[in-house]
Amino acid sequence: MNSVSAAIVVGVDGSPSNDAAIDLAVQQARLHGRPLRLVHAFEWPVPFIYPGPSPEGPADAGLAADADRILAAGLERARQAGGPQLQVDGEVITGAAVPVLLRQTAYASLLVVGDRGLGGFAGLLLGSVSTQLAAHAPVPVLVARGTSRPDGPVVVGVDGSDHSRLALETALKEA
């Protein structure tokens, strides 16, 4: 995919920070004139669990249906916030969040995630997924934290390395 049409990719997981990440990704997609792609990475929690509904249960039950509902809710939110001119698509991809989202960066100009996922350890500053993505993604990673402030400051950490120079260039463009 060429850099002109590279999407803004946002990871969605149904967590409390999910909506902030989607809203921020919509803002970025509109600001930069890029399509928006929502990705829900789903890792089966226990081997050999049947992904569909129980034969005795309702047809819309089961882990796969839950994953589809999370993505559908995210797509609805993004389409409402982005309006008809914003191109939005999405996909549920089987696998752990970090490797799935890192693979998506091959088609992305920016990766957006929430600061807290569905895991525990509420006292951590950032979730382990956002921390790993920020450390390893080959594209800029924007972590949605709290309420978006379009007029707020752009903050970037630098250490003099080539990577931090690239991060500074990106931050300056955003500012």
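Residues numbered from 1 in each chain as written. Predicted model: local features only at pLDDT ≥ 70, side-chain atom pairs only at ≥ 80, totals over all residues. Heavy atoms only, no water.

1. Some words on the nonpolar core
I8, V10, L36, L38, A78, V88 and V112 are the most contacted members of the largest nonpolar core, which has 19 residues in total. Broken down by secondary-structure element, the contributors of at least two residues to this core are β1 (7-11), α1 (18-32), β2 (36-42), α2 (63-82) and β4 (108-114). Once residues lying within four places of it in the same chain are set aside, the contact partners of I8 are A25, Q28, A29, R34, P35, L36, R37, S109, L110 and V112. Listed in part, the 12 residues of the second largest apolar core include V39, A41, L101 and V139. (Core = buried A, V, L, I, M, F, W, Y, C linked by side-chain atoms within 4.5 Å. Buried < 20%, exposed > 50% of the residue type's maximum accessible area, 1.4 Å probe, protein only. Helix = DSSP H or I, 4+ residues; strand = E, 2+ residues; numbered from the N terminus. Contact = heavy atoms within 4.5 Å.)

2. As for the pattern of salt bridges
In total, this model carries 7 salt bridges according to the counting rule given. A salt bridge links D66 to R69; the shortest N-O distance between them is 2.5 Å. Residue D66 and its partner R69 are both found in helix α2; the two are separated by 3 residues, about one turn of the helix. A relative accessible area of 36% means that D66 is categorised as partly exposed. A relative accessible area of 41% means that R69 is categorised as partly exposed. The partner of D115 in a salt bridge is R145, with the nearest N and O atoms 2.7 Å apart. Taken as a pair, D115 in the loop between β4 and α4 (128-136) and R145 in the loop between β5 (141-144) and α5 (162-174) lie far apart in primary sequence, 30 residues in all. For D115, a relative accessible area of 10% puts it in the buried group. You can call R145 partly exposed: its relative accessible area is 46%. (Salt bridge = Lys/Arg side-chain N within 4 Å of Asp/Glu carboxyl O.)

3. Observations regarding the side chain of H40
Note that H40 resides in strand β2. The contact partners of H40, leaving out residues within four places of it in the chain, are V12, D13, A67, I70, E91, V92 and I93.

4. With respect to the confidence of the model for the chain
With 81% of its residues at a pLDDT of 70 or more, the chain shows a mean pLDDT of 84. Here α5 is the element of the chain with the lowest mean pLDDT, 85, and β1 is the one with the highest, 97. (pLDDT = per-residue confidence, 0-100.)

5. As for the packing of helix α3 (residues 97-104) against α4
Contact geometry of α3 with α4 gives a least axis separation of 10 Å together with a crossing angle of 35°. When you trace α3 past α4, the crossing you get is right-handed. In contact with A97, V98, L101 and L102 of α3, α4 contributes V129, Q132, L133 and H136. Its residues assigned to classes, the contact of α3 with α4 shows 6 nonpolar, 2 polar and no charged. (Axes fitted to C-alpha atoms, helices over the stretch in contact; angles between N-to-C directions. Left-handed = near helix turned anticlockwise from the far one by under 90°. Nonpolar A, V, L, I, M, F, W, Y, C, P; charged D, E, K, R; others polar.)

6. Quick look at a nonpolar patch on the surface
On the surface, V156, V158, L168 and L172 cluster together into a nonpolar patch covering about 330 Å² of accessible area. Within the secondary structure, V156 is located in the loop between β5 and α5. (Patch = residues over 30% accessible without salt bridge, like charges linked within 9 Å, V, L, I, M, F, W, Y side chains within 5 Å. Areas by Shrake-Rupley, 256 points an atom, 1.4 Å probe, with all protein chains shown as cover.)

7. So, α2
Its 20 residues place the ends of α2 29 Å apart at the C-alpha level, agreeing with the 28 Å of an ideal helix rising 1.5 Å per residue. Burial in α2 covers these residues: A65, A67, L71, G74, L75, A78 and G82. The inward-facing, buried residues of α2 contact α1, β2 and β3 (88-94). Among the residues trailing α2, G83 stands out with phi positive, at a value near 80°. (Expected span 1.5 Å × (residues − 1).)

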